[in-house]
Amino acid sequence: MKEVLIVEKLHIMARDKNETVTIVEDVSFSIGEKEILSIVGESGCGKSMTALGLIGLLKKNQYISEGAILFKDKNFTDMTASDIRKICGKDIGIIFQEPMMSLNPFFKIGKQIEEPLVQHLKMSKKEARKRSVELLEEVGIHDASKVAKSYSHELSGGMKQRVLIAIAISCNPSLIIADEPTTALDVIIQAQILDLLKKLIFEREMSLLLISHDFGVISQMADKVAVMYAGEIIEIGTIDKIMSYPKHPYTKALLQAANEINTNCSRLSIIEGNVPRPGDLINGCKFANRCYKKENKCMKEKPHWYYHDGLKTKCWYA
Ligand SMILES: Nc1ncnc2c1ncn2[C@@H]1O[C@H](COP(=O)(O)OP(=O)(O)O)[C@@H](O)[C@H]1O
Ligand SMILES: [Mg+2]
């Protein structure tokens, strides 16, 4: 399979008043054509920072200190953040959790879809207007012409997320990055939006990087899963292997939490303790203090990668 995105040993740092801390550490993964890779982990594990780092949207005090990001034939690590953002509007579609933050309340919906069409695909205003209504239809909005003329506050959460998906696919990207795209929605709408995303990914032969804290979402969608903990990927493999034979105690705990009725795993009720904060001094495995399997070695030495049966796991006792 041809890879669309390759991320190698990505490190993201943040400078605070008197210290510099590592927020994302040694993160590597790849996404093939037409493939869906999910990053899963509790809140604060560095999922969003990883996504923002990929697309040149880090804040002023955050920076990539090491690693490579290869998108098709381009090496993002050699490019300026503003050049990366230009590619992102066109060839990488972005969907964030909070539609209110991503849509401009002062512009009509249609106008917000037309903008990238004019800017990136060089359509005329008239062509863009026609195309924006078609795109709204394509994401399952029935009175598309009416919705194009409305403002974001007039739409429901699910409708807004459909509009964001329309914007994300508008310039025919090869990759979509979706960060918790359905977390703010209720369960039924969430399922509809996930179905829509999956259908569009399939029909348009795009790849998807889907970030979620919820294994329920991921199990419906992903081909491959990367489990993140405290800024690092600690296990990665195909969805079948991760769901059926997880090796890392953290992956097991996440799955168990997801299986508990009516819970999601944004906070792990079944394991005591919290995700360590960036900058916490930890010599061994970052998960050790919460791990039921920990032994002396885990507290002292950082685990290496362990390869077994298609899974890659960072744990001494995997
Ligand atoms: N400028 C910063 N200085 C220190 N820590 C930061 C900074 N920006 C983000 N972080 C920390 O980075 C970690 C990862 O955050 P994030 O990527 O948003 O997690 P997730 O998306 O997995 O919930 C969090 O612990 C957050 O507090
Ligand atoms: Mg996040």
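Note that the coordinates shown come from a computational prediction; the quantities given were computed from them, not determined experimentally.

Visitor: Got a sec to walk through the packing of helix H7 (residues 157-169) against helix H8 (residues 187-203)? Specific residues and values, please.
Guide: The geometry of H7 relative to H8 is characterised by a closest axis approach of 10 Å and an angle of 15 degrees between their N-to-C directions. With respect to H8, the axis of H7 lies roughly parallel. As for the relative orientation of H7 and H8, their crossing is right-handed in sense. Each of Gly158, Gln161, Arg162, Ile165 and Ile169 in H7 lies in contact with H8, whose residues at this interface are Ile189, Gln192, Ile193, Leu196, Leu197 and Leu200. Across the contact of H7 with H8, the residue classes break down as 7 nonpolar, 3 polar and 1 charged.

Visitor: Describe the sheet that holds strand E4 (residues 62-71), with residues and values.
Guide: With respect to topology, 4 strands assemble into an open sheet ordered E2-E1-E4-E5, the strand pairing being antiparallel. Strands at the two margins of the open sheet, each flanked by one partner only, are strand E2 (20-32) and strand E5 (74-75). With 2 bridges connecting them, E4 and E5 associate as antiparallel partners. Bridge assignment links Leu70 to a residue of E5, and that residue is Asn75. Taken strand by strand, helix H1 (residues 47-54) contacts strand E1 (3-15), E2 and E4, and its axis lies near 110 degrees from that of E1.

About the cut-offs
Residues numbered from 1 in each chain as written. Chains lettered and ligands numbered in written order. Predicted model: local features only at pLDDT ≥ 70, side-chain atom pairs only at ≥ 80, totals over all residues. Heavy atoms only, no water. Axes fitted to C-alpha atoms, helices over the stretch in contact; angles between N-to-C directions. Helix = DSSP H or I, 4+ residues; strand = E, 2+ residues; numbered from the N terminus. Parallel < 35°, antiparallel > 145°, perpendicular 65-115°, else oblique. Left-handed = near helix turned anticlockwise from the far one by under 90°. Contact = heavy atoms within 4.5 Å. Nonpolar A, V, L, I, M, F, W, Y, C, P; charged D, E, K, R; others polar. Pairing = 2+ DSSP bridges.

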